2 protein chains.
Amino acid sequence: MPLGEAMFTQRAIRRFRPDRIPVADLELIIEAAVKAPNGGNRQLTRFLVVDDPALMEKFGPIYREAWWAKRREMGETSVEDMSDLYRSATRLADEMDAVPCVVFALALDNGAASSVVPAVQNLMLAARALGIGTVPTTLHSSVMSQFRALFGVPEDVAFHLCIPMGYPRGNFGPTTRQPTSETTFHGRWGTPPPWA
Amino acid sequence: MPLGEAMFTQRAIRRFRPDRIPVADLELIIEAAVKAPNGGNRQLTRFLVVDDPALMEKFGPIYREAWWAKRREMGETSVEDMSDLYRSATRLADEMDAVPCVVFALALDNGAASSVVPAVQNLMLAARALGIGTVPTTLHSSVMSQFRALFGVPEDVAFHLCIPMGYPRGNFGPTTRQPTSETTFHGRWGTPPPWA
């Protein structure tokens, strides 16, 4: 797939078919991920792939607890309070037990997001090119000890992102974004770019 | 360019030819960047593009000060202490005044790295496809007030990454990475993946 097509048709996928992702595809996706730049090529990023349905059934309640902890922090206590996007994300939380695969992006020595997240974007683009949907999500700090206990993740390993993956119900892209002429500045904060 | 070629031949470029990057290419690169996923589609990322040589001459000393502040923190006080990679990065710091373009990745409301850095990776991949080299770098906190003053960046706008860009002296990729069979776990921290 051309790079442009992958980037311009990537969108958050939150509804998945139950089909498993072949191991060869998982491997290719991770191989692509680790090619992303990282600080000093220290390669602190670690991926934890979970596709065992029994483990996903244990993770589902943790994810839902994290989701609602975050929502309560934002002052939202019911789906009626929410935007369409958050309703869709709530449905993902409800269905997490049955998601075919989740990849956790972690870092040794509490490595920084700036060295981990480029790899995650490679991972999501490679998945897109294989017809596999993803959505980057976080986990509220209140569930971190449960998360570490379930998957044996040491305390000095930083959690960065939780990426549910699977073949989509529904379609990829396009997405809606503000015009770059309004979100990009040139030479000084507030000065529009030459293409504005 | 195929997605795989872009991802598997992206490498940090730290030596640039002086040629300017055409505005149409800058626009395409930024358009690709903003298509990356971001939390709640709140679109807090802002890019500041600097390609005015007079501004780069003012930024160069700030970048060098930040580079050496970081090195002193790491206990390195001369290039002799450094790995090849850091020597190359030191040369970039020395040459920063003449780099043709720098993009700063910023975020309104101090938005999180997990919503900004995917866009930066898109930016770097799109640049790669156009033959333009990049390297993600950070700025030490000790120069933040100088950085904000030079470019008029408000206090509540988070700085995430500084990305020098230009046509490379030298070649793209490939890069060296640890085997994914050692950096990826399956089901539990420490358990090798099925392709190991």
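Just above sits the structure.
Scope of this entry: the structure provided in the associated data block. (Residues numbered from 1 in each chain as written. Chains lettered and ligands numbered in written order. Predicted model: local features only at pLDDT ≥ 70, side-chain atom pairs only at ≥ 80, totals over all residues. Heavy atoms only, no water.)

1. Considering the nonpolar core
In this structure, Phe47(A), Leu123(A), Met165(A), Phe47(B), Leu123(B) and Met165(B) are the most contacted members of the largest nonpolar core, which totals 68 residues. If we ignore the near neighbours within four places in the chain, the residues touching Phe47(A) are Ile30(A), Ala33(A), Val34(A), Val103(A), Phe104(A), Ala105(A), Ala119(A), Val120(A), Leu123(A), Thr183(B), Thr184(B) and Phe185(B). (Core = buried A, V, L, I, M, F, W, Y, C linked by side-chain atoms within 4.5 Å. Buried < 20%, exposed > 50% of the residue type's maximum accessible area, 1.4 Å probe, protein only. Contact = heavy atoms within 4.5 Å.)

2. Remarks on the sheet that holds strand β1 (residues 45–50) of chain B
What the five strands build is an open sheet, ordered β5(A)-β1(B)-β2(B)-β4(B)-β3(B); its pairing is mixed. Each edge of the sheet is formed by a strand with only one pairing partner; in this case those strands are β5 (184–186) of chain A together with β3 (133–134) of chain B. The pairing of β3(B) with strand β4 (residues 158–166) of chain B spans two bridges and is antiparallel. Residue Gly133(B) lies in a different strand from β4(B), and its bridge partner there is Gly166(B). On the sheet, helix α2 (residues 23–34) of chain B packs against β5 of chain A together with β1, β2 (101–107) and β4 of chain B and is oriented at approximately 160 degrees with respect to β1(B). (Pairing = 2+ DSSP bridges. Helix = DSSP H or I, 4+ residues; strand = E, 2+ residues; numbered from the N terminus. Axes fitted to C-alpha atoms, helices over the stretch in contact; angles between N-to-C directions.)

3. Describing the pairing of β4(B)
Residues and elements named next belong to chain B. By the criterion of burial, β4 is predominantly enclosed, with nine of the nine residues buried. Both β2 and β4 contribute to a ladder of seven bridges, which runs antiparallel. Directly across from Cys101, in β4, lies its bridge partner Met165.

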